Amino acid sequence: MQSEQRVVTANGTTQALRVAGPPDGTPVLLIHGNCSSSLFWEPLLRRLPPTLRVVAPDLRGYGDSATAPVDATRGLRDFADDIAALLDDPTLFASASASATATATATGGSGRPVVVGHSLGGGVAMRLLVDHPHRVGALLLAAPVSPYGFGGTRDLTGTPTTPDFAGTGAGTANADFVARLAAGDRGADAPASPRAVLRATYVADPAVLGTDEELLLDSVLSTATGDDNYPGTAVPSANWPGTAPGERGVLNALAPTWFRLADELVAVAPKPPVTWVRGDADVIVSDTSLFDLAYLGSLGVVPGWPGEESCPPQPMIGQTRAVLQRYAAAGGAYREVVLPGCGHSPHLERPAEFVAELLALTGVPAV
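Not measured: the values here are computed from a predicted model.

A. Summary view of empty space enclosed by the protein. For the coordinates displayed, the defined rule picks out three cavities of 30 Å³ or more. Taken as a whole, the largest cavity spans an internal volume of roughly 60 Å³. Around the largest cavity, the lining comprises 13 residues; the ones closest to its centre are G152, A166, D292, A294 and C311. Tallied by class, the residues present in the lining of the largest cavity amount to seven nonpolar, five polar and one charged. A volume near 40 Å³ is recorded for the second largest cavity. Of all the secondary-structure elements, those providing two or more residues to the lining of the second largest cavity are β11 (274-279) and α11 (316-329). Residue contributions to the lining of the second largest cavity peak at three residues, all from β11.

Here it is in structure tokens:
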């Protein structure tokens, strides 16, 4: 497939999109992750059959979409509301508008898109399902954030480590990375340069980036920085490591203070099928995440860690599995696919397996 770029106004903000396939094709919605954009899906689009209708938006503050503010107190709902507004545009999804979905459902069809969410985008996809369950045909979650948010929880039921979720949110961002992101740094020598971070954490083996590395770096560098976007605002905390989530910006929207939808996800009706794809070498979403300050504290990287009993690393994988098992027990269906040697970007690192899982959810045969 080859994509074309469009710009639309939806939910009161300007959204840039990549669109591919016929308007009446089987609908697929691709939601990118943090510090990236719709460009991150380009290598995948090349492998998809032309019968799909694919829409891949740039979330607010990423790519070519407007740098609209993110209200962290709404969790990831600002993003999900933007996405939901796109579903009503018949020029994007002829078969996924509210009226078309209602007609298809009444006649035994679907018309609802398979929603694919990567990392932060997985959280947005979950929020979209919770808020608009009749608009989602299936979920494909690629290395998604835990349903209990990122960091600051100690067990499979998301119990807070501290009352203010210290050690999560914007205050956990690497200041050098943020500065280099804002400056458009394309170098590779500094460990916190966007290129170095792309190579070291987005994938398990940087060789898989190949000739797409510059395109993917462009995507990372499209991230809007600041208090209203990435990383957001932080507030001081009396608890280790001395910072807690503020009320503005992306990393705070991911913090468990504001993003906790496990019970809502389990209760949602109807329950579309969910496929969860992850790599066993992921260092971002992991029970030993290199972006979880509690885990870094246990390694001695962040000083003053109060110990395992007070501040254990977040069991991100265990949490997601426990919630999806509850989802299945409540009448849903889910499938967990673990890719050996794969990192945080299964659609880039193991595209054949990823496409197979996507097509299985769409019902479209492989080419």
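B. Highlighting the packing of aromatic side chains. One pass over the structure, following the stated rule, counts three aromatic pairs. Residues Y62 and F79 carry aromatic rings whose centres are separated by 6.5 Å and whose planes lie at 50 degrees to one another, so their mutual orientation is tilted. Within this pair, whereas Y62 is found in the loop between β4 (52-57) and α2 (77-86), its partner F79 is found in helix α2, the two being separated by 17 residues in sequence. F79 carries the same exposure label as Y62, and that label is buried. Ring plane angle 90 degrees and centroid distance 6.2 Å describe the contact between F177 and Y230, whose orientation is recorded as edge-to-face. Within this pair, whereas F177 is found in helix α5 (residues 175-183), its partner Y230 is found in strand β8 (residues 230-231), the two being separated by 53 residues in sequence. Positioned above the aromatic ring of Y327 is the side chain of K271, whose terminal nitrogen or guanidinium carbon lies 5.8 Å from the ring centre. It is R278 that lies over the ring of W276; its NZ or CZ is 5.5 Å from the centre.

C. Inspection of the packing of α2 against helix α4 (residues 120-131) at higher detail. Where α2 meets α4, the axes come as close as 9 Å, and the angle between the chain directions of the two elements is 65 degrees. When the axes of α2 and α4 are compared, the pair comes out roughly perpendicular. Once α2 is placed against α4, the crossing between them reads as right-handed. Facing α2, whose interface residues are R77, F79, A80, I83 and A84, α4 presents L120, V124, R127, L128 and D131. A class-by-class count of the residues in the contact of α2 with α4 yields seven nonpolar, no polar and three charged.

D. Spatial organisation of the layout of surface pockets. The computed volume of the largest pocket comes to approximately 800 Å³. As for the largest pocket, its lining consists of 35 residues, and the residues nearest its centre are F177, Y230, L251, I284 and F291. Among the secondary structure elements, those contributing two or more residues to the lining of the largest pocket are α6 (194-202), α8 (250-254) and α10 (293-298). Residue composition of the lining of the largest pocket, by class: 22 nonpolar, 12 polar and one charged.

E. A look at the sheet that holds strand β3 (residues 26-31). Across the sheet, which stays open at both edges, the eight strands sit in the order β1-β2-β4-β3-β5-β6-β11-β12 with mixed pairing between neighbours. Either end of the sheet is taken by a strand with one partner, and the two such strands are β1 (4-10) and β12 (334-339). Between one strand axis and the next, the sheet turns through 20 degrees on average, direction left out of account. In the packing of α4 onto the sheet, contacts are made with β3, β5 (114-118) and β6 (138-142), and the angle to β5 comes to roughly 145 degrees. This element, helix α13 (residues 351-362), spans β3, β4, β5, β6, β11 and β12 of the sheet and lies at about 165 degrees to β6.

Definitions and cut-offs
- Residues numbered from 1 in each chain as written.
- Predicted model: local features only at pLDDT ≥ 70, side-chain atom pairs only at ≥ 80, totals over all residues.
- Heavy atoms only, no water.
- 1 Å grid on protein atoms, 1.4 Å probe; cavity = no way out; pocket = protein on both sides within 12 Å on 5 of 7 lines; lining within 4 Å.
- Points joined across faces, edges and corners; volume = space filled by probe spheres on them.
- Nonpolar A, V, L, I, M, F, W, Y, C, P; charged D, E, K, R; others polar.
- Helix = DSSP H or I, 4+ residues; strand = E, 2+ residues; numbered from the N terminus.
- Phe/Tyr/Trp six-rings, centres within 6.5 Å; stacked < 30°, edge-to-face > 60°.
- Buried < 20%, exposed > 50% of the residue type's maximum accessible area, 1.4 Å probe, protein only.
- Lys NZ or Arg CZ within 6 Å of the ring centre and 35° of its normal.
- Axes fitted to C-alpha atoms, helices over the stretch in contact; angles between N-to-C directions.
- Parallel < 35°, antiparallel > 145°, perpendicular 65-115°, else oblique.
- Left-handed = near helix turned anticlockwise from the far one by under 90°.
- Contact = heavy atoms within 4.5 Å.
- Pairing = 2+ DSSP bridges.

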